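# Coordinates in review
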Amino acid sequence: MPYSVLGMAEALFERFPGHRVEVLGGEVSVEPLPDGRHAEILTDVMAACFAAGMVGKDRWPVQRLAIWLPTGPDDFAMPDLSIVDAASDDHMVAYNCYDPKVFRLVLEVTSAALCSDLTRKPAAYAMAGVPVYVVVDRVDRRVLVLTGPESGEYRKRVEHGPGQVFTLPGTSVTLSVDGLFP
């Protein structure tokens, strides 16, 4: 008997523990465990969130919380880091995926899926209405901040390069590009 897309995703979760399994545009993708530098960047961003006093307030920084996407009947993604409403637990849709309306910001640290992080995911997150999408681009040592989702695309794109310090939109979290790429 053939698998549904979600059935395939579930089978892959079981077959490849710790890997990121996502469905975008009805296509299933599997990414291996991230490397150490990827994890260090996420730790640095989480530490900045904690230093900005984000814990215990109305929004929380979380890692790998799945977002249900409106781009297909079975679409979901698992951003590296998200800032979500504190009441997000009340908004699980299905398969441990959460309603996009609780996501205030999603952040991806690039790895093997650079193309997906810069092409497919921005459209999916914009269509879902996620206000801010951040890409920490390890290849070009830059941080892209996309805001203003409308009609499946982000209307504003700001690039931060070496030597720049910036604040994540909608937060008091300040990051240094050089600090993310020592």
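Residues numbered from 1 in each chain as written. Predicted model: local features only at pLDDT ≥ 70, side-chain atom pairs only at ≥ 80, totals over all residues. Heavy atoms only, no water.

So, on to the environment of Leu107. Note on placement: Leu107 falls in strand E9 (residues 103-109). For Leu107, a relative accessible area of 0% puts it in the buried group. Note: C-alpha distance between Leu107 and Tyr133 (26 residues apart in sequence) is 5.9 Å. Excluding anything up to four places from it in sequence, Leu107 contacts Leu42, Val45, Pro79, Asp80, Leu81, Val134 and Val136. (Helix = DSSP H or I, 4+ residues; strand = E, 2+ residues; numbered from the N terminus. Buried < 20%, exposed > 50% of the residue type's maximum accessible area, 1.4 Å probe, protein only. Contact = heavy atoms within 4.5 Å.)

Looking now at the nonpolar core. Residues Leu107, Val134, Val136 and Val143 are the most contacted members of the largest nonpolar core, which totals 24 residues. Of all elements in the fold, only helix H2 (36-51), strand E6 (81-85), E9, strand E10 (132-137), strand E11 (142-150) and helix H5 (177-180) reach the threshold of two or more residues within this core. For this core, the element with the highest residue contribution is H2, accounting for 6 residues. Once you skip the residues sitting within four places of it in the chain, Val136 turns out to touch Ile41, Leu107, Glu108, Val109, Thr110, Arg142, Val143, Leu180 and Phe181. Listed in part, the 20 residues of the second largest apolar core include Leu24, Ala126, Ala128 and Val130. (Core = buried A, V, L, I, M, F, W, Y, C linked by side-chain atoms within 4.5 Å.)

The buried fraction of E9 amounts to 6 of the 7 residues, a majority that puts the element mostly inside the structure. In this structure, E9 lies alongside E10, joined through 5 bridges in parallel fashion. Looking across to E10, one finds that Val109 is bridged to Val136. (Pairing = 2+ DSSP bridges.)

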